[in-house]
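Notes for the structure review
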Amino acid sequence: MKRMMIAGNWKMNMLRHEAKELTQNIVSGVKDVKGDIDILVAPPFTALDIVGGLISDTNIKMAAQDVFWEDRGAFTGEISPAMLIDAGCKWVIIGHSERRGILGETDSIVRKKIKASLGDGLNVIVCVGETLKERESGKTIKIVRSQVESALTELELDEPGKVVVAYEPVWAIGTGKNATPEEAEHVHATIREITGNIFGQDSERIRIIYGGSVKEDNIKELLHMENIDGALIGGAGLNADSFVKIVKIAGE
Ligand code: PGA
């Protein structure tokens, strides 16, 4: 059994006072969860310091939603892995479909960000997933395979547990339409096979989590699947009650 992961991606939401309240409610809601589980929140950059202060000494860890691949220098507007660690992050989300789709982030950019982050000691959640058009034209596996291979091939990995792959079908994000557990499991099993080809036995330690309209009423059956090791939560993670319920179900 792998350690489960539940991560709340707050996206471009939460002013600092809102982030404070949400964090306080999550901290008190999950404080007694003792299961073998990583609980993560990913606030916007502007709330990292306030959230980081509130979760230190709790069972919650903090992730950033993006990162740049250089350590320092003339890169206006960017944030380096070292800066994220300095702000209290242990994790970073890389290659979310909103960044790929809206900001034109390519597989090669995603790969550079992964390498730089791991090199500096951050753990990474790498997002992959197909669009509706790609699914309808039968290209799901082809797309996901090329995203995973591009992200992870020939990566020097001293500890495979530092990499998590998040399968997030783009058509399921923020739409209320989640992949069925069987649909998700089919892709997760393929990702497991791909990481197995890349890392051999070590790939057993790589977790594959699902994202896309996860809620308290569908989390249980998703986590029942053999190759689903947790969830990346968007909308439901902005509500402390829902997020805490999801964490508790996952921690059971
Ligand atoms: P959603 O977002 O849960 O609102 O669908 C998931 C994500 O984008 O990580």
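See the structure printed just above.
Residues numbered from 1 in each chain as written. Predicted model: local features only at pLDDT ≥ 70, side-chain atom pairs only at ≥ 80, totals over all residues. Heavy atoms only, no water.

1. A short note on the environment of Glu216
By the element assignment, Glu216 lies in the loop between strand E7 (207-211) and helix H9 (219-223). Taking C-alpha positions, Glu216 is 9.5 Å from Lys248, a pair spaced 32 residues apart along the chain. Beyond its immediate sequence surroundings of up to four residues, Glu216 is in contact with Ser242, Lys245, Ile246 and Ile249. Engagement of the side chain of Glu216 in a polar contact is seen with the side chain of Ser242, the distance being 3.2 Å. (Helix = DSSP H or I, 4+ residues; strand = E, 2+ residues; numbered from the N terminus. Contact = heavy atoms within 4.5 Å. Polar contact = N/O pair within 3.5 Å; in protein donor to acceptor, adjacent residues only side chain to side chain.)

2. Looking at the nonpolar core
Ranked by size, the top nonpolar core spans 66 residues in total, and within it Ile6, Ile26, Ile114, Ile191 and Tyr210 carry the most contacts. With 6 residues, helix H10 (residues 240-251) is the single largest residue contributor to this core. Every residue in contact with Ile6, bar those within four places of it in the chain, is listed here: Ile37, Asp38, Ile39, Leu40, Ile219, Ala231, Ile233, Phe243, Ile246, Val247 and Ala250. (Core = buried A, V, L, I, M, F, W, Y, C linked by side-chain atoms within 4.5 Å. Buried < 20%, exposed > 50% of the residue type's maximum accessible area, 1.4 Å probe, protein only.)

3. Focus on the site of the ligand
Taken together, 13 residues lie around the ligand, and Lys11, His96, Glu168, Gly174 and Ser213 are the ones closest in. Gly235 places a main-chain nitrogen or oxygen 2.8 Å from an oxygen atom of the ligand. If the ligand stood free it would expose 280 Å²; the protein chains cover 95% of that surface. Its residues assigned to classes, the shell around the ligand comprises 4 nonpolar, 7 polar and 2 charged. (Near = heavy atom within 4 Å. Areas by Shrake-Rupley, 256 points an atom, 1.4 Å probe, with all protein chains shown as cover. Nonpolar A, V, L, I, M, F, W, Y, C, P; charged D, E, K, R; others polar.)

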